[in-house]
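# An overview of the molecular structure
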Amino acid sequence: MEILKKPVLTEKATLLTEKLNRYTFECDHRANKIQIAAAVEAMYGVSVAAVNTSVVVGKLKTRSTKAGMVSGRAAKYKKAIITLKEGEVIDFYSNI
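All of the points below concern the structure found in this document. (Residues numbered from 1 in each chain as written. Predicted model: local features only at pLDDT ≥ 70, side-chain atom pairs only at ≥ 80, totals over all residues. Heavy atoms only, no water.)

### Focus on the overall build of the chain
Secondary structure summary: the chain contains two helices and six strands in total. For the chain, the N- to C-terminal ordering of α and β elements is β-α-β-α-β-β-β-β. Classification of the 96 residues of the chain by burial places 27% in the buried group. Pairs at least 24 apart in sequence give 58% of the contacts found in the chain among residues at least 6 apart. In the chain, which carries 16 positive and 9 negative side-chain charges, the distance between the mean positions of the two groups comes to 14 Å. (Helix = DSSP H or I, 4+ residues; strand = E, 2+ residues; numbered from the N terminus. Buried < 20%, exposed > 50% of the residue type's maximum accessible area, 1.4 Å probe, protein only. Contact = heavy atoms within 4.5 Å. Lys, Arg positive; Asp, Glu negative; His and termini not counted. Charge placed at Lys NZ, Arg CZ, Asp CG, Glu CD.)

Now the structure itself:
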């Protein structure tokens, strides 16, 4: 099970990073807080102070086709907000 799928790099997540030293990740929906904290510490070499998780329900999507209106739902996912200890940072852009 790959626990961390990708970082969430939105405006709101960036503001959390700048002001409160919190980083947001999209995670496997079966992972718990202990597994997520261990994965972040192993991957980025930082110390995790706290982990907050939430399940994001997929948005309802509708599109018009030749057959008529087709509606569906985007996939749900688990979002983890990681608070790091004071003085530690994660740089997403250095390993490009």
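### Section: the packing of aromatic side chains
For the structure on display, the rule yields one aromatic pair. Their ring planes at 35° and their centres at 5.8 Å tell us that Phe25 and Tyr44 sit as a pair that is tilted. Separated by 19 residues along the polypeptide, Phe25 in strand β2 (residues 22–27) and Tyr44 in helix α2 (residues 33–44) bring together distant segments of the chain. (Phe/Tyr/Trp six-rings, centres within 6.5 Å; stacked < 30°, edge-to-face > 60°.)

### Side note on the pairing of β2
For β2, the buried fraction is high: five of the six residues fall into the buried class. Direction of pairing for strand β1 (residues 4–7) relative to β2: antiparallel, over a ladder of three bridges. When the sheet's bridge partners are listed, Leu4 is paired in β2 with Cys27. For β2 and strand β6 (residues 77–84), the ladder comprises six bridges, and the chain directions are antiparallel. Along β6, the bridge assignment pairs Cys27 with Lys78. (Pairing = 2+ DSSP bridges.)

### Section: the pairing of β6
Both strand β3 (residues 48–56) and β6 contribute to a ladder of eight bridges, which runs antiparallel. Looking across to β6, one finds that Ala50 is bridged to Thr83.

### Some points on the nonpolar core
Looking at soluble globular proteins, one finds that nonpolar side chains tend to be buried together. If you look at the biggest cluster of nonpolar residues, it comprises 17 residues, and the most contacted ones within it are Phe25, Ile36, Val40 and Ile82. Those elements that place two or more of their residues in this core are β2, α2, β3 and β6. (Core = buried A, V, L, I, M, F, W, Y, C linked by side-chain atoms within 4.5 Å.)

### Notes on the pattern of salt bridges
Side chains bearing opposite charge may pair, as long as their charged atoms lie close to each other. Evaluated as defined, the whole model comprises two salt bridges. With a shortest N-O distance of 4.0 Å, Lys6 and Glu26 are connected by a salt bridge. Of this pair, Lys6 sits in strand β1 while Glu26 sits in strand β2, placing them 20 residues apart in sequence. Residue classification places Lys6 among the partly exposed residues on the basis of a relative accessible area of 49%. (Salt bridge = Lys/Arg side-chain N within 4 Å of Asp/Glu carboxyl O.)

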